[in-house]
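Residues per chain are reported as follows:
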Amino acid sequence: QLAVPVAVVFAPGSVPRDLPRPLPFRDVQEMEIPMNRRTSITSRYETMYRSATAQEEAALDAATAQEADAALRPLQDASLGSLTVYVVPETSSLLPQGINAYVGKHRSALVRAEGDLAALRARLWQLTQVMSFTASSITAALSDREPGGQLGPDARRHLKSSLGYGITFSPLNPEPKSHAVNWDIEDAVNRYVQPVLDKLSLVANFSVDSQILYYAVLGVTPRFDKESSSFLLSAHSLPHVINPVEARLGSSAASLYPVLNFLLYVPERSHSPLYIQDKDGAPVSTNAFHSPRWGGIMIYNVEAPASTPASLPLHVDVDMVRVMEVFLAQLRLLFGLSREELPSDFLLETPGNEGLADWELDRLLWAHTVENIATVSTTLTSLAQLLDKIGNIVIKDDVASEVYQAVASAQSAMAELAAGHLYSAFQASKKAVTSSERAFFDPSLLHLLYFPDDQKFAIYIPLFLPMAVPILLSLAKIAREARQRKKEPTKMD
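Residues numbered from 1 in each chain as written. Predicted model: local features only at pLDDT ≥ 70, side-chain atom pairs only at ≥ 80, totals over all residues. Heavy atoms only, no water.

1. Digging into the overall build of the protein
If you tally the helices and strands in the protein, you get 12 helices and 18 strands. Compactness check: the protein gives a C-alpha radius of gyration of 32 Å against a globular reference of 23 Å for 493 residues, more than 25% above the reference. Seen through its C-alpha atoms, the protein measures out along the principal axes to roughly 135 × 80 × 35 Å. Per-residue burial over the protein gives 44% buried out of 493 residues. For the protein, contacts bridging at least 24 residues in sequence account for 75% of all contacts bridging at least 6. Distance from the positive charge centre (43 side chains) to the negative charge centre (54 side chains) of the protein: 11 Å. (Helix = DSSP H or I, 4+ residues; strand = E, 2+ residues; numbered from the N terminus. Rg over C-alpha atoms; globule rule 2.2 N^0.38 Å. Buried < 20%, exposed > 50% of the residue type's maximum accessible area, 1.4 Å probe, protein only. Contact = heavy atoms within 4.5 Å. Lys, Arg positive; Asp, Glu negative; His and termini not counted. Charge placed at Lys NZ, Arg CZ, Asp CG, Glu CD.)

2. Things to note about the pattern of salt bridges
Applying the stated criterion across every chain yields a total of 14 salt bridges. Its salt-bridge partner being Asp 358, residue Arg 107 comes within 3.9 Å of it at the nearest N-O pair. One end of the pair, Arg 107, is in the loop between β5 (101-103) and β6 (108-112); the other, Asp 358, is in helix α8 (residues 358-389), and 251 residues separate them in sequence. Asp 358 carries the same exposure label as Arg 107, and that label is buried. It is possible to trace a salt-bridge network through shared partners that takes in Arg 73, Arg 107, Lys 199, Asp 358 and Asp 362. (Salt bridge = Lys/Arg side-chain N within 4 Å of Asp/Glu carboxyl O.)

3. Topic: the pairing of strand β13 (residues 259-265)
Extensive coverage of β13 is indicated by the burial of 7 of its 7 residues. Side chains Val 259, Asn 261, Leu 263 and Tyr 265 project from β13 onto one buried face, and the interleaved Leu 260, Phe 262 and Leu 264 project onto a second face that is buried too.

4. Examining the domain arrangement of the protein
Split by domain assignment, the protein resolves into domain 1 (2-140), domain 2 (164-335) and domain 3 (358-449). Computed from C-alpha coordinates alone, the two centres of domain 1 and domain 2 are separated by 41 Å. (Domains from an automatic or database assignment.)

5. Describing the nonpolar core
Leu 120, Phe 169 and Phe 335 are the most contacted members of the largest nonpolar core, which totals 80 residues. Core analysis: the second largest hydrophobic core is formed by 20 residues, Ala 216, Leu 274, Phe 289 and Ile 297 among them. (Core = buried A, V, L, I, M, F, W, Y, C linked by side-chain atoms within 4.5 Å.)

6. Side note on the UniProt feature "transmembrane region" (unreviewed entry) in the protein
Within this numbering scheme, the UniProt entry marks residues 457-476 as carrying the feature "transmembrane region" (unreviewed entry). Within residues 457-476, the helical portion is 100% and the strand portion 0%, while the C-alpha atoms at the span's ends are 24 Å from each other. (UniProt positions renumbered as here; feature names shortened; annotations may be inferred.)

7. Some words on the pairing of strand β3 (residues 41-51)
Here strand β1 (residues 2-10) pairs with β3 via 9 bridges, running parallel. Looking across to β3, one finds that Leu 2 is bridged to Ser 43. Note that strand β2 (residues 25-33) and β3 share 9 bridges and pair antiparallel. If you follow Arg 26 over to β3, its bridge partner there is Met 48. (Pairing = 2+ DSSP bridges.)

8. Some words on the packing of α8 against helix α10 (residues 422-440)
At a minimum axis separation of 9 Å, α8 and α10 run at an interaxial angle of 25°. Considering their axes alone, α8 and α10 lie roughly parallel with respect to each other. Of the two possible hands of crossing, α8 and α10 adopt the one that is left-handed. Residue composition of the contact of α8 with α10, by class: 14 nonpolar, 8 polar and 3 charged. (Axes fitted to C-alpha atoms, helices over the stretch in contact; angles between N-to-C directions. Parallel < 35°, antiparallel > 145°, perpendicular 65-115°, else oblique. Left-handed = near helix turned anticlockwise from the far one by under 90°. Nonpolar A, V, L, I, M, F, W, Y, C, P; charged D, E, K, R; others polar.)

9. A closer look at unusual backbone geometry
For the bond from Leu 23 to Pro 24, the omega torsion is -5°, close enough to zero to count as cis. Relative to the helices and strands, Pro 24 is located in the loop between β1 and β2. Between Ser 272 and Pro 273 the backbone carries a cis peptide bond, its omega angle lying at -10°. With respect to the element layout, Pro 273 can be found in the loop between β13 and β14 (274-276). Of note, Ser 229 is a non-glycine position whose phi angle comes to about 55°, a positive value.

10. A word on the environment of Gln 29
Relative to the helices and strands, Gln 29 is located in strand β2. Judged by its relative accessible area of 42%, Gln 29 is partly exposed. For Gln 29 and Ala 3, which are 26 residues apart along the polypeptide, the C-alpha to C-alpha distance reads 9.8 Å. Once residues lying within four places of it in the same chain are set aside, the contact partners of Gln 29 are Ser 43, Arg 44, Tyr 45 and Arg 121.

11. Thoughts on the sheet that holds strand β12 (residues 230-233)
Spatially, the 3 strands line up as an open sheet ordered β11-β12-β14, and their pairing is mixed. Across the chains shown, the open sheet's two edge strands, defined by having one partner strand only, are β11 (223-225) and β14. Neighbour-to-neighbour, the strand axes of the sheet open up by a mean angle of 40°, direction not taken into account.

Structure below.
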């Protein structure tokens, strides 16, 4: 059960006439998210309706919605997973003309009053679908438990939940004798990437590194287009680019966690300029593409000098602003932070340098918490099934302790989710994943899991057979002598 605390705050002149009872009052709505026969998820929206305080009224008197959003942030519930919706009068100039809902950078939204309570509740439902988890995001988090036919095309595009991620930025220079590529990746990471990773540090640990690869080609021959005098990469050839390039990276082999690769490819002179086409044959505006759960590649064309050929290699200063805009957009897609289609009367505030809004971080935590609990369940079930098959296995006390800890942490995470405490639920789910993985991959169990009975016979028979032969022969001789003594008549004196 996923509980979302929602506060609906009415400014003066915005209270609907058909409220069921005087303010403040609490309302609870539940909705079942259909999964499968084994998994049942209920979303529970606990809504608190109240009037605005004097400080909130002063903040709502700001000139613009952005100023009001900034002024309201210290006055609202800042706990992860919570939402605060401020209802302003229908005649308010705080929202631009034609805009009835404003979604801020934090965990609040502004809504224009629409008369009755039913219209307000419909608007609240739209806001929760934008700012909180959705049925599709939870289904995507549990994609490993769902049959493939029941999932949408984007369900398995997102990165799986992990305790950490590695990020590698790599310029690919296939022709260093022609191009001397210079990019200030350290400054670009500090300026553009680090604010995003600081925000995502609640989700996982991140490590960032970079490398320069020379003589690394895409492995796909582009097609020359006479009309545009350029080379083209079609959409169906893009999957064939990944494997040849990945063989040169080597970054994933040295990391315990999933690695995201962001590559900047400077085409050789014989294939310049190089452009990517989409499925409809139109050029891709960013000249880049991303591979789900792997990373992204951007093609960076270098303009040839218009005058006499310059001395080689040609010095190339990479425009890091343009490159980082593409890479950060791809990073959002890999984490499932793509923006949903909004109604026409919605205004969405850009997150700025932080790269993602507070409510987008909450959406990510909702999905990862549910996925962690499902992972713990799968891991412990697999461990129990394996131990049932091996009758003579010995479970050490520390392994049993990790199993108990994993179960207790998973139960705690589910209890915190039902109480609406997203942060503590996520931390408990991370602890449960760590304990379950330690139990499953404990060294005392691994060598027994891969040591079946037929191998035991193959090892021990050559050792005991030479000793068993004389013992068996001696036993047979003793048995024959005993039978002979029984057959001999007894002498009587």
